[in-house]
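Here is what each chain is made of, one letter per residue.
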Amino acid sequence: MAMSPSSSLAGPSNSASSASTSDLPMGSSSVFGSRMVRMTPPPTSKSDCKPVPGIKPPKKRRRLSLIKVADPDDVLKHYVSKVKKPPTEDCPICFEELCCSSGYEESKAISIVFKLEKCKHIFHKSCLAAMYSSGPKDGSLQCPTCKAIYGVKHGNQPPGSMDYHVIPFSLPGYRECDAIRIIYNIPPGTQGPEHPHPGKRYSARGFPRHCYIPNNDKGRKVLRLLITAWERRLLFTVGVSATTGESNTVTWNEIHHKTEFGSNLTGHGYPDPQYLDNVLMELASQGVKDDDL
């Protein structure tokens, strides 16, 4: 039976944060006006933490090895067709006319122009190749105009760990079930070739980050897809913090998480009846869909 947390109970220190909450004091609760807000659940012993039904524990999950494809031509050939008569419009990547040379070519000769098969958007071949080479080189391509994904998209999330379990407390708006707690932990490190500044150190503020979803059918579906997104390195990236302005730091990567446990005064908690649907759409925009379940 799920228990509703009392704000008088002291919870464990939770350094988790999302864009608007990372500057809040760490701990179990914070004061907004005259109201005490619980930021973390009450203390939970290890024996009270249970596996998520139907989902393998993190330690038993098989680590996926990512396929690397260095040559852009080996990728583009699967997703494009050649345009014989390029239009006079600008290339959305280099902003030079498609009927002229690409901004990514030293030669002034007329560039080869490609059309993406699904979305039909048109680019210089060399612009698509440069875009692909600046990413994780995972064999996938994403249209910069409409965000259509070709292949299986991977990101540049730094190494770390993702843990998850059921805790015997319910979230506001989901009193009929207990909650799933997700814990992300990413240490500081050195940027790789897929990051903005290869060889430069990156910081990792506010880890471990604790996040919460309801332990119901839709919540467990979200968790399965979040696990896939984690394995594809899509949940975090290295960039500039929207909260502090710090550069070369680990940040969230456009898939929102609920980091506030007992209320939604910050916008990163519950109740929020649209959250599960919204995060499913955000996952889908990164190519993580029902087909991956």
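What this report covers is the structure whose coordinates are included nearby. As the structure is a computational prediction, the values presented were derived from the model and not from experiment.

So, how was this worked out
Residues numbered from 1 in each chain as written. Predicted model: local features only at pLDDT ≥ 70, side-chain atom pairs only at ≥ 80, totals over all residues. Heavy atoms only, no water. Pairing = 2+ DSSP bridges. Helix = DSSP H or I, 4+ residues; strand = E, 2+ residues; numbered from the N terminus. Axes fitted to C-alpha atoms, helices over the stretch in contact; angles between N-to-C directions. Buried < 20%, exposed > 50% of the residue type's maximum accessible area, 1.4 Å probe, protein only. Arc of directions from axis to C-beta. Contact = heavy atoms within 4.5 Å. Polar contact = N/O pair within 3.5 Å; in protein donor to acceptor, adjacent residues only side chain to side chain.

Once that is clear, we can look at the sheet that holds strand β12 (residues 209-214). As a general point, the strands of a sheet are linked pairwise by backbone hydrogen bonds and lie either parallel or antiparallel. Spatial strand order, β8-β9-β12: three strands in an open sheet with antiparallel pairing. Strands at the two margins of the open sheet, each flanked by one partner only, are β8 (161-167) and β12. Shown here is a sheet whose adjacent strand axes are inclined to one another by a mean of 25 degrees, direction ignored. Note: strand β9 (residues 179-185) against β12, six bridges, orientation antiparallel.

Listing the buried residues of helix α4 (residues 275-285) in full gives Y275, L276, V279, L280, E282 and L283. The buried residues of α4 occupy an angular sector of 160 degrees when the element is viewed end-on, so they sit on one face. Against β12 and α3 (217-231) lie the buried residues of α4.

Before going further, it helps to examine the side chain of N248. Here N248 lies in the loop between β13 (236-239) and β14 (249-252). Taking relative accessible area as the criterion, N248 reaches 11% and is therefore assigned buried. In terms of polar contacts, N248 uses its side chain to reach the side chain of H197, at 2.9 Å.

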